[in-house]
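This is what each chain is made of:
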Amino acid sequence: SSTGGSLRPQTSLGVASSPPATASSSSATGDAEWTPSSWKNAVAKQMPVYEDEAELEEAVATLNGVAPLVFAGEVRSLHEKLARVSQGQGFVLMGGDCAESFKEFHVNHIRDSFRVIMQMALVMTFGSAMPVVKIGRMAGQFAKPRSAPDEVKDGVSLPSYRGDNVNREDFTPEARRNDPFLMVKAYYQCAQTLNILRAFSTGGFADISRLHAWNLDFVEGTEEASRYRKLAAKVDESLRFMKAIGVDTGSKELTTVDFYTAHECLLLPYEQALTRQDSTTGKWYDCSAHMLWVGERTRDLDGAHLEFTRGIGNPLGVKISDKCTPEELIRIIDTMNPQNVPGKLSIIVRMGAEKLRKNLPGLIRAVQREGKAVVWISDPVHGNTRVADGGYKTRDFVNIRAELRAFFDVHDEMGSHPGGVHVEMTGEDVTECTGGESGVSDETLKDRYITACDPRLNGQQALELGFLIAERMRL
Ligand code: PEP
Ligand code: MN
């Protein structure tokens with residue numbers, strides 16, 4: 001159904017302004033009661049330590065009083081779409097920065113990412129004749145898990161940078177101090193980001209008849225640009241045909257888009273503060289994003305992140321590397337989606353092509369044997385990071401492509417549905433990942449290397465990947 005379009009305020013769904021002390025929700029193991037703060041009784045990995053408890057309380061109190069960023073009705077409309085994907089009807093496209101930042105924040109940055117996601121989605125929808133569910137790693141993707149708690153440079157050791165909503169990137173003791181008020185600053189940036197995304201989604205920018213006008217400067221003169229123009233001409237032709245036979249091409253389906261947001265559920269004080277009870281259903285929703293996922297480093301069965309997410313009504317994801325066994329996966333699924341509700345849980349697989357060919361069949365087999373409803377999503381980037389000369393963290397397009405191909409191959413063999421892709425990308429012409437037709441090389445990485453975190457596909461590389469997926473999905 002197209003009711004409750006994403007990012008449109010649902011006036012009928014009020015939300016409580018602050019969480020009451022108790023609420024219950026069933027747990028997989030039938031153990032203790034869930035509350036928005038019950039995660040505090042479990043071990044929270046990757047959590048910043050705030051030296052001033054009073055400051056933390058003040059920041060959290062401020063966040064308890066802010067408006068929710070998303071609304072329960074929108075969250076439910078995403079859930080319905082994901083339920084259809086879990087049944088083989090549709091494909092998920094998730095994309096955006098590894099980490100949003102205060103420095104890179106600009107309406108043009110948001111517009112460029114949004115536009116490339118729309119272009120990829122158009123290519124993929126046309127190629128597969130399947131609905132593509134569009135989700136931005138945006139308006140909340142700040143906090144980052146780190147492999148080491150400290151960073152050592154020239155013999156000096158300082159706490160690691162954990163994202164702009166925790167501390168700052170500069171290598172000084174002041175910058176690396178965890179500051180709880182950065183959560184509040186990040187919230188206000190998220191509110192601006194969502195506001196502009198809502199405007200782009202429904203204010204005419206996303207009208208399909210304007211798809212030629214979606215700027216292609218970033219790929220001008222390339223293979224992707226001419227392929228995109230050819231495809232746009234075909235879509236135009238179809239639109240003219242539809243118009244001729246009396247279809248209303250000015251309808252909502254063709255002039256607006258449902259665009260959702262998601263981020264890693266990592267910084268639990270922030271997530272808890274934005275968790276509100278839906279007045280119409282009594283369910284709890286984390287109103288910081290439509291969908292939340294738990295990262296590879298924090299998905300412990302007895303950890304705080306699984307405890308927190310098991311109680312919220314949002315669709316969830318969990319990142320899985322080759323370290324996850326089939327038994328462990330089933331227990332994670334039982335915890336995060338105890339009622340086995342279709343669309344509730346996406347398994348985001350990220351392990352590199354070789355390990356994926358070896359491990360994914362066993363994971364799928366376990367899920368099939370236990371009759372679990374999940375959406376399988378490929379993150380073909382996080383298992384393919386390497387450090388190039390000059391210290392640049394990068395990813396090679398061939399490896400990303402190889403992992404995606406392996407993902408599709410394994411699902412074909414297992415008779416399961418490859419349900420989506422999750423990538424770190426930007427609409428801008430950065431030089432952070434090597435290869436593809438864009439021809440970024442180890443030598444040119446330094447030209448426009450902007451990310452403070454993981455390397456992103458640039459606009460051209462992202463669009464090229466969109467075409468590759470579209471071709472593969474048609475097979
Ligand atoms: C990420 O998505 O940026 C991330 C840290 O991923 P993972 O948990 O898969 O390592
Ligand atoms: Mn990342």
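Remember, it's a predicted structure, so these values are computed and weren't measured experimentally. (Residues numbered from 1 in each chain as written. Chains lettered and ligands numbered in written order. Predicted model: local features only at pLDDT ≥ 70, side-chain atom pairs only at ≥ 80, totals over all residues. Heavy atoms only, no water.)

*Asks:* Looking at this structure, how should I read the sheet that holds strand 5 (residues 259-264)?
*Replies:* The strands making up a sheet are joined through hydrogen bonds of the backbone, oriented either antiparallel or parallel. If you trace the eight strands once around the closed barrel, you get 1-2-5-8-9-10-11-14, paired in parallel fashion. Each strand axis lies, on average, 30° off the axis of its neighbour in the sheet, ignoring direction. Across three bridges, the pairing between strand 5 and strand 8 (residues 291-294) is parallel. Across the sheet, the residue bridging to His 263 is Leu 292, located in strand 8. (Pairing = 2+ DSSP bridges. Helix = DSSP H or I, 4+ residues; strand = E, 2+ residues; numbered from the N terminus. Axes fitted to C-alpha atoms, helices over the stretch in contact; angles between N-to-C directions.)

*Asks:* Just to check I follow, could you spell out helix 5 (residues 223-244) for this structure?
*Replies:* For an α-helix, 3.6 residues make a turn, and residues three or four places apart therefore share a direction. Helix length check: helix 5, at 22 residues, gives a terminal C-alpha distance of 32 Å against a target of 32 Å (1.5 Å per residue), a fit within 8%. Taken residue by residue, helix 5 has Glu 224, Ala 225, Tyr 228, Leu 231, Ala 232, Val 235, Asp 236 and Leu 239 as its buried positions. Along the axis of helix 5, the buried positions cluster into a sector of 155°, meaning they face one direction only. With respect to the buried face of helix 5, the exposed residues turned more than 90 degrees away are Lys 230, Glu 237, Arg 240, Phe 241 and Ala 244. A positive phi of about 95° marks Gly 246, the residue just after helix 5. (Expected span 1.5 Å × (residues − 1). Buried < 20%, exposed > 50% of the residue type's maximum accessible area, 1.4 Å probe, protein only. Arc of directions from axis to C-beta.)

*Asks:* How do you make sense of the site of ligand 1 when you look at a structure like this?
*Replies:* Taken together, the neighbourhood of ligand 1 is formed by 13 residues, with Arg 137, Lys 144, Arg 297, Lys 319 and Arg 350 sitting nearest. Note that an oxygen atom of ligand 1 is positioned 2.8 Å from one of the side-chain N or O atoms of Lys 319. Within the contact set of ligand 1, an oxygen atom lies 3.0 Å away from a side-chain nitrogen or oxygen of Glu 424. Protein burial of ligand 1: of its 300 Å² of free accessible surface, 98% is covered by the chains. Of the residues belonging to the shell around ligand 1, the class tally is three nonpolar, two polar and eight charged. (Near = heavy atom within 4 Å. Polar contact = N/O pair within 3.5 Å; in protein donor to acceptor, adjacent residues only side chain to side chain. Areas by Shrake-Rupley, 256 points an atom, 1.4 Å probe, with all protein chains shown as cover. Nonpolar A, V, L, I, M, F, W, Y, C, P; charged D, E, K, R; others polar.)

*Asks:* Could you clarify how one ought to interpret the packing of aromatic side chains in this entry?
*Replies:* Centre distance and the angle of the planes are the two values used to describe a pair of aromatic rings. Considering all chains together, one arrives at 11 aromatic pairs under this definition. Plain terms: the ring middles of Phe 407 and Phe 408 are 5.9 Å apart, the flat faces sit at 80° to each other, and that makes the pair edge-to-face. Judged by relative accessible area, which is 0%, Phe 407 ranks as buried. Since its relative accessible area comes to 5%, Phe 408 is described here as buried. Ring pairing ties together the aromatic residues Phe 114, Phe 200, Phe 205 and Phe 259, which thus form one cluster. Over the face of the ring belonging to Phe 171 we find Lys 153, whose NZ or CZ atom lies 4.8 Å from the ring centre. Over the ring of Phe 102 we find Lys 185; its NZ or CZ atom is 4.4 Å from the centre of that ring. (Phe/Tyr/Trp six-rings, centres within 6.5 Å; stacked < 30°, edge-to-face > 60°. Lys NZ or Arg CZ within 6 Å of the ring centre and 35° of its normal.)

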